Amino acid sequence: MITKIIQEEKIQKVKKYIEKADKITIVTHVSPDGDALGSSLGLYHFLATFEKENVAVIVPNEFPSFYRWMPGSKDIIVYEKYPDFAAQLIKESDVIFCLDFNEPKRVEKLAPVLLEAEGRKVMIDHHLCPSDFCRVTISYPQISSTSEMIFRLICRMSYFDLMTKECAECIYTGMMTDTGSFTYNSNQPEIYVIISELIKKGIDKDRIYRQVNQVYSESRLRMMGYVLYEKMKVYKTENSALITLSAEELKRFEYVPGDTEGFVNMPLSINGVSFSCFLRESEEYIKVSLRSVGDFPCNKFAAKYFNGGGHKNASGGEFFGSLDEAVAVFEQGLSEFNPNKIEE
Ligand code: 5GP
Ligand code: MN
């Protein structure tokens, strides 16, 4: 038995919404990661076995190719590619699930469509400070992945039997990727009770690990070598590190979405480095990724300096300006708000 974390009243509401709905859409955040896709596709598979025929998964933009093996991924509609079709589906939906994000801003260009839609919105998420735009908000930051929340939701609706192997594979993927393959945010014993149930559904967890983590292109691995050798700056007295990649450098290494996944974590393997920042230049802005180990709240750093947020140990944001300016902001931040000065 796992603890009942989600409020019963919310479970019953969602159950009723699903039962009554004809058209359902599942939406997740921009640059979808393993948890965004895992929770969305996990719910998608559940709804399919529940015999809901009109269910769509919509993501704002393209997702990394190493998630294409996920069952159901071929059905995902990318808003950037098919904006009118995706917008129409959202508009016509009776129920809209908002998974793995806490504010409309996180779906970027899809935000106005989502806000205007009249269907019942249900947020299922684990980020701090959910904004109030959904009819039902199921937000538990102490849970390490939204995918785990989907597992809990299905069980609490008494539909565990309807969970297929495909559904279990998607849920496991999200649980695994949001905990760095169970190396952080992963000390809750019930995580392993759930994994045990997923294995009983027939998943091959070792294969899932390989399919996500060991499918790099040659150029991606060379970019990693370049980053570690030439692009990582260590701030010893601040116990911090910074990696930057310009658009030109990304092009040189034939960057495709997902290629820099995990780069931000690499400096944390240095003894004494407990805060790491990765700045990647994109067309519209500088994407900021922050990671910490221990008590340093990188979500507060993200909010203060980079208009972002996230979790205590994994957060991000956006910077509108040049890469050099973003570096200057980071260094300014370090001097004002460095991990050694945290009083907690
Ligand atoms: P990543 O570095 O993998 O892109 O993001 C790590 C975490 O930081 C995400 O799970 C998300 O919670 C948060 N995050 C990333 N970018 C943003 C952003 O622009 N705004 C906010 N509020 N959170 C972000
Ligand atoms: Mn997540």
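Please refer to the structure placed before this passage.
The structure contained in this document is the topic of the report that follows. (Residues numbered from 1 in each chain as written. Chains lettered and ligands numbered in written order. Predicted model: local features only at pLDDT ≥ 70, side-chain atom pairs only at ≥ 80, totals over all residues. Heavy atoms only, no water.)

## Some words on the nonpolar core
Part 1 of the reasoning: Judged by nonpolar contacts, the single largest core of 57 residues is most densely connected at Ile26, Phe46, Phe97, Ile124, Ile171 and Leu198.
Part 2 of the reasoning: Here this core takes seven residues from helix α6 (residues 165-177), the largest share from any one element.
Part 3 of the reasoning: If we ignore the near neighbours within four places in the chain, the residues touching Phe97 are Val14, Ile18, Ile24, Thr25, Ile26, Val27, Leu43, Val122 and Ile124.
Part 4 of the reasoning: Among the nonpolar cores identified, the runner-up in size contains 21 residues, and Cys277, Leu290, Phe296 and Phe306 belong to it. (Core = buried A, V, L, I, M, F, W, Y, C linked by side-chain atoms within 4.5 Å. Buried < 20%, exposed > 50% of the residue type's maximum accessible area, 1.4 Å probe, protein only. Helix = DSSP H or I, 4+ residues; strand = E, 2+ residues; numbered from the N terminus. Contact = heavy atoms within 4.5 Å.)

## Focus: the packing of α6 against helix α7 (residues 189-200)
Part 1 of the reasoning: Relative to each other, α6 and α7 sit at 150°, their axes nearing to 10 Å. Relative to α7, the element α6 is oriented roughly antiparallel. In this structure, α6 crosses over α7, and the sense of that crossing is left-handed. On α7, the residues that touch Ala168, Ile171, Tyr172 and Met175 of α6 are Ile191, Ile194, Ile195 and Leu198.
Part 2 of the reasoning: For the contact of α6 with α7, a count of residues per class yields eight nonpolar, no polar and no charged. (Axes fitted to C-alpha atoms, helices over the stretch in contact; angles between N-to-C directions. Parallel < 35°, antiparallel > 145°, perpendicular 65-115°, else oblique. Left-handed = near helix turned anticlockwise from the far one by under 90°. Nonpolar A, V, L, I, M, F, W, Y, C, P; charged D, E, K, R; others polar.)

## Some details on the side chain of His126
Part 1 of the reasoning: Among the secondary structure elements, His126 is positioned in the loop between β5 (120-125) and β6 (136-139).
Part 2 of the reasoning: With a relative accessible area of 2%, His126 lands in the buried category.
Part 3 of the reasoning: In this structure the side chain of His126 is engaged in a polar contact, spanning 3.4 Å, whose partner is the side chain of Asp35.
Part 4 of the reasoning: A polar atom in the side chain of His126 sits 2.9 Å from the backbone oxygen of Ile143.
Part 5 of the reasoning: His126 has contacts with Asp35, Asp100, Tyr140, Pro141, Ile143, Ser144, Ser145, Thr146, Met149, Asp178 and His311, leaving out every residue within four places of it along the chain. (Polar contact = N/O pair within 3.5 Å; in protein donor to acceptor, adjacent residues only side chain to side chain.)

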